[in-house]
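# Observations on the model geometry
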Amino acid sequence: MSVLQKSLHPDEKYKAGKLGQGLSRIGLGIAVVFFAISILVVVFSDPETARNAGHVDHATGEPAKWARFLYDYVIGWSYIFSICVGVFWLVLLHHLVRGRWATAVRRIAEAMATALPVVFAAGLVFVIPLVAGYDNLYFWAHPDAALSPTLAHKLGWLSPGFFAVRYVFYAVVFSAMAAYFARKSRQQDESGDPKISETLRVASGPAMIVYSLVTCFAAFDILMSMAPKWYSTIYGVNFWGSACVGGFSALGLLVLGIQRTGRLTHSVTPEHYHDIGKWMFAFTFFWAYTAFSQFMLQWYGNMPEETVWYKYRLFGDWQWVSIAMLVGFWAFPFVFLMSRWTKRIVPSLVFFAVWQLVFHWLDLYWNVMPSYDWTLEVHDKARVSAGPLAGSIAYHHVGFSPIDITVWIALIGVLLFGIGRNLRGNLIPVKDPTLGLSLAHENL
Amino acid sequence: MSDERTPDSPSGDDDHGGTAVRREGPLFGVLAEFDTPGELIDAARKVRAAGYTEFDCYSPFPVHGIDEAMGIRRTILPVIIFLGGFAGTVGGLVLQWWCNAYNWPWNISGKPAWSIPANVPIGFETTILLAVFTSFFGMWIANKLPQVWHPFFRAERFNHITDDAFLIGIEVRDRRFDGEATPKLLADAGAISVERVHFDPSPAVRVMPKWITAFIVASTAFALIPFAVAAKARTSHSTEPHIHIFPDMDFQPKYKSDQAMDLFGDGRENRGEIAGTVARGSLDADDLFFRGIEHAPDGDSWTTKFPARLTINDQLMKRGKNRFEIYCTPCHGYDGRGMGAVPTRVAAGGGAWQARNLVDAGNPVVIHMPNGQLFNTISNGYNTMMGYAAQIPHADRWAIVLYVRALQRSQNAGLDDVPADHRSGMQMPEAPQ
């Protein structure tokens, strides 16, 4: 064995054993407890807050008190979806470029990506009401949407039925791709056939193209259509950048958690954390780059139909969230993750992983929640429901609700449940031809 | 590699071993070869432990762990690059501030002279530029490059350094260097060969060829010429026109409007209209249509009608609305009440200017204005309002007059204007202010 190769340490514990079951149970517990709390909060909340935000059942005139819950659900769902999307990118890229360093953590990334079927199943909670006619989540599903000339011609694409068809399409494509890459990788554990690596390499090219398009369109459909009159072509790319920040942060934390159980203690070294940290750093900057690209063109162009989205976020209460995003999601981690040591000292990396995971949620919250305010002030401050971004920024009827947090945590529980199901057998691709290179990996 | 450059005995002693032995320069150092990267690391560790500092390891590829074995500290290059990038950010922003906001502030549509978002892309580029420059040139300086020649190049085994040789070279200038002990240390560390390397006996080989020095001096001097020319141009005056390096099609043998010309008696290049003629389609004798004036035996007056050549219909009304919203709304507003985007902006800036209220029932000057006078105002302007004759064709001006009439009706509409069968359940709002 040369210095470039290492074999698996003889004492290495690389079998999952009961790890996956434990994680699933913890995840399920978190999900059940926090969903219960959220539902209780909604049931006992004052329904008038929903009316103040312009969410009224158009048939009965009753306030739509579940609207806030569904908004939070879409944010939380996008959060766990984006984490799976982020780590799945690592799997695809690793095969595409014949990567080496990540082989030691690739099985865990595969396990996270194969949580996608569970994630998509969880998304039915907001897709099914939409198809059933619930119109207080997406404004384009509301009967009033047809009254808007800018919206009327978009309603062919943005219709509940077609939305559901696309959702199922995304679910099938993503789940199948993730499952394929994970299954082939496990087959190699049995046979040790190096041809499997080649097959996956060939598959990863087209898969990367499909992956990019599906990610982009999912972001357009599920997040951007929250403000259906507004549009930004870079939105999907920006979402993906944020998703990869979340994905790599979550991967780092999960690998560390698995090491804490005494598994993989010899295989995963600070070198691997260093590389995960590099990706966190890269995507922190990439997110800021695309976010600024989106902002600057619209700010400079100064077209009302574009700037309205930023008008809501740069003035009033939301400006503090925007400043927090600039400093917290970009400036602070960017400056500190730049250094080699902040990525190699594991507690420091953990700090930034947790930090970025929180700010990744804030990013999605910042993207979606301003659209919750559907009110338009007319004469004598009377309010009518007119859809997202309709009103004056002087009035905000969004506020903060405890379910913003509890629904998010509940969906993290769903994600842990989904990941736990896949943590079984070997936690490391034991017969991958590049494993030796990954175990000996060093950052010069 | 020619033979003359290779020292023919490892000992390198001068004037020994017969006539074939050539003279050698002073000893530069010893070069030891090792079989594998692993042995190279072990040997480097031993050399370092023995207290040597002036030594280096040579290998065909980066050997993991060699830095640590040799005791090389991590480079400070990243810190320098960070500072370079930071200087780029600050420099880029200061440059833009100085140019746009301080030295030459220029009002462009009332936009602020200094606004951070607009300056970020340039700041980003200058950050990248200086960071890349410092990393590129910093790397050269840190590696003592460019170094076109090195005494170890004279060793035959050094030719294999890009192929399969793993070498350690210890230089004589090291304080611990010893002619006997140092080669022995290397041999004990597992070297497969140890070689003494001398400087070339001819001092001429060790200095840079004169023509290279001359070339560098000459090209540097040549590169200063543009700066010298620019400096001269900035500090001197000239009556000569600029040197036109690229003529493109700037000078053409043709006449432009209002130039002098000898061909005609009046010395002008322009030929006016011939008296008594009208260009096709330009006859504007119809005063009613072209000027809004109606002739009558008791004198001329503004017409109160619309010209007969226009068909008053929905299509003309829509055309009028369309033109009105393009040309008139910026000042008069969509409702014609005189608070368009421009007065709104004036009010936001603390001013109090308002365009004429076209639909004001309380002061119905415009409402009572004859059609012809409205047409004339659009054509030729009024007070600070400029004329639109050059921008809006005659028929469109009449369409605007028609639309203004409709606005005056609609903005002052009452319950009586609603058809009787639609009135039930309607309430009159308070009179608009």
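Note on numbering: residues in each chain are counted from 1, in written sequence order. All chains are assigned letters beginning with A, and all ligands numbers beginning with 1, in the order in which they are written. For this predicted model, a pLDDT threshold of at least 70 governs which residues receive local features, and a threshold of 80 or more governs which side-chain atom pairs are given and counted, while totals over whole chains, interfaces and linings are taken from all residues.

## Topic: the overall build of chain A
Each helix and strand counted, chain A has 16 helices and two strands in total. Our radius of gyration is a C-alpha quantity, and the globule rule it is checked against amounts to 2.2 Å times the number of residues to the power 0.38. Here the C-alpha atoms of chain A give a radius of gyration of 23 Å, agreeing with the 22 Å that 2.2 N^0.38 yields for 444 residues. For every residue, the other C-beta atoms within 10 Å of its own C-beta are counted; 20 or more classify it as buried, 12 or fewer as exposed, and values in between as partly exposed. C-beta atoms are placed from the backbone. The buried share among the 444 residues of chain A stands at 46%. Contact between residues is assigned whenever the C-beta positions, reconstructed from backbone atoms, fall within 7 Å. In chain A, the proportion of contacts linking residues at least 24 apart, taken out of those at least 6 apart, comes to 80%. The helix count covers DSSP runs of H or I at least four residues long, the strand count covers runs of E at least two residues long, and both are numbered beginning at the N terminus.

## Regarding the overall build of chain B
Regarding its fold elements, chain B presents 15 helices and eight strands. Burial statistics for chain B: of 433 residues in total, 19% are counted as buried. Residue pairs at least 24 apart in sequence account for 66% of intrachain contacts in chain B once pairs closer than 6 positions are excluded.

## A few points about the environment of B:F86
All names here are of chain B. The topology assignment puts F86 in helix α3 (residues 77-103). For F86, a count of 13 C-beta atoms within 10 Å gives the class partly exposed. Residues F86 and G179 lie 93 residues apart in sequence; the distance between their C-alpha atoms is 49 Å.

## Here's the deal with helix α3 (residues 67-96) of chain A
Residue and element names in this part refer to chain A. Across its 30 residues, α3 extends 42 Å between first and last C-alpha, which sits within 8% of the 44 Å expected from 1.5 Å per residue. Counted residue by residue, α3 has 28 buried out of 30 residues, so it is predominantly covered. Phi turns positive, to about 55°, at R98, one or two residues after α3. Expected span of a helix, by definition, is 1.5 Å for each gap between consecutive residues, and there is one gap fewer than residues.

## As for the interface of chain B and chain A
Across the boundary between the two partners, chain B contributes seven residues, which contact seven residues of chain A. Among the elements that take part in the side of chain B that touches chain A, helix α4 (residues 116-142) of chain B stands out by supplying three residues, more than any other. Of the residues that constitute the side of chain B that touches chain A, the class distribution is five nonpolar, two polar and no charged. Ten residue types, Ala, Val, Leu, Ile, Met, Phe, Trp, Tyr, Cys and Pro, are classed as nonpolar, four, Asp, Glu, Lys and Arg, as charged, and the remainder, Gly among them, as polar.

## Focus: unusual backbone geometry
Residue and element names in this part refer to chain B. Following L145, the chain continues to P146 via a peptide bond in cis, the omega torsion being 0°. Although it is not a glycine, K144 sits at a positive phi angle of roughly 60°. Residue placement: K144 occurs in the loop between α4 and β3 (166-171). A positive phi angle is found at D248, which is not glycine, with a value near 45°. When you line up the elements, D248 lands in the loop between α8 (225-235) and α9 (287-291).

## Quick look at the pairing of strand β2 (residues 55-58) of chain B
All names here are of chain B. Side chains of β2 alternate between two faces, with F55 and C57 buried and D56 and Y58 left unburied. Here four bridges tie β2 to β3, and the two strands are oriented antiparallel to one another. Bridge pairing in β3 links Y58 to L167. One bridge is not enough; two strands pair if DSSP finds at least two bridges between them.

## Here we look at the packing of α3(A) against helix α4 (residues 103-113) of chain A
Residue and element names in this part refer to chain A. Between α3 and α4, whose axes approach to 8 Å, the crossing angle comes to 135°. As judged from the angle between their axes, α3 and α4 are oblique. Pair α3 / α4 crosses with left-handed handedness. Residues I83, C84, V87, F88, L90, V91 and H94 of α3 form the contact with α4, whose participating residues are R106, A109, E110, M112 and A113. Across the contact of α3 with α4, the residue classes break down as nine nonpolar, one polar and two charged. Axes here mean lines fitted to C-alpha atoms, for a helix over just the part in contact, with angles spanning 0 to 180 degrees between N-to-C directions. Angles below 35 degrees are treated as roughly parallel, those above 145 as roughly antiparallel, those between 65 and 115 as roughly perpendicular, and all remaining angles as oblique. Should the near helix be turned anticlockwise from the far one by less than a right angle, the crossing is left-handed, and should it be turned clockwise, the crossing is right-handed.

## Regarding the nonpolar core
By definition, a nonpolar core groups buried Ala, Val, Leu, Ile, Met, Phe, Trp, Tyr and Cys residues that are joined through C-beta atoms within 7 Å. A:I80, A:C84, A:M112, A:L251 and A:L411 are the most contacted members of the largest nonpolar core, which totals 133 residues. Here the element with the most residues in this core is α3(A); it accounts for 20 residues. Among the nonpolar cores identified, the runner-up in size contains 25 residues, and B:F28, B:L31, B:A155 and B:L167 belong to it.

## Some points on the domain arrangement of chain B
Taken domain by domain, chain B holds domain 1 (1-212) and domain 2 (287-413). Throughout, the edges of the domains are those of an automatic or database domain assignment. If you average the C-alpha positions of domain 1 of chain B and of domain 2 of chain B, the two centres end up 80 Å apart.

## A closer look at the sheet that holds β2(B)
Residue and element names in this part refer to chain B. Here we have four strands laid out as an open sheet, ordered β2-β3-β1-β4, and antiparallel in their pairing. Strand pairing shows two members of the sheet lacking a second neighbour, β2 and β4 (193-198), which therefore form its edges. Averaged over all pairs of adjacent strands, the angle between strand axes in this sheet comes to 20°, irrespective of strand direction. With six bridges connecting them, strand β1 (residues 27-34) and β4 associate as antiparallel partners. The residue of β4 that forms the bridge with E33 is S193. Helix-sheet contacts for helix α1 (residues 37-49) involve β1, β2 and β3, and the interaxial angle to β3 is about 20°.

## Here we look at the pairing of β3(B)
All names here are of chain B. Judged by how many residues are buried, β3 sits mostly within the fold: six of six residues are covered. Burial along β3 is two-sided: the face carrying F166, I168 and I170 and the face carrying L167, G169 and E171 are both buried. Bridge count between β1 and β3: six bridges; the pairing is antiparallel. Bridge pairing in β3 links A32 to I168.

## Section: the packing of α4(A) against helix α7 (residues 160-191) of chain A
All names here are of chain A. Their axes nearest at 9 Å, the elements α4 and α7 cross at an angle of 145°. The way α4 lies across α7 gives a crossing that is left-handed. Counting all contacts with α4, which are made through R107, E110 and A113, the residues of α7 involved are A178, F181, A182 and S185. Within the contact of α4 with α7, the residues separate by chemical class into four nonpolar, one polar and two charged.

## Comments concerning the environment of A:A288
All names here are of chain A. Topologically, A288 is positioned in helix α10 (residues 270-301). What makes A288 buried here is the crowd of 21 C-beta atoms within 10 Å. Spatially, the C-alpha atoms of A288 and L437 are 33 Å apart, while their sequence positions differ by 149 residues.

## Topic: the confidence of the model for chain B
All names here are of chain B. The predictor attaches a confidence to each residue, and that confidence, scored 0 to 100, is pLDDT. Mean pLDDT over chain B works out to 88, with 93% of the residues at or above the 70 mark. Low pLDDT (under 50) marks residues 1-19, which in the prediction has 21 contacts with non-local residues, meaning those over four places away or in another chain. At the level of chain-chain contacts, confidence expressed as ipTM amounts to 0.84, with global pTM at 0.77.

## Describing the environment of A:F81
With respect to the helices and strands, A:F81 occurs in helix α3. Along the chain, A:F81 and A:F181 lie 100 residues apart, while their C-alpha atoms are 18 Å from each other.

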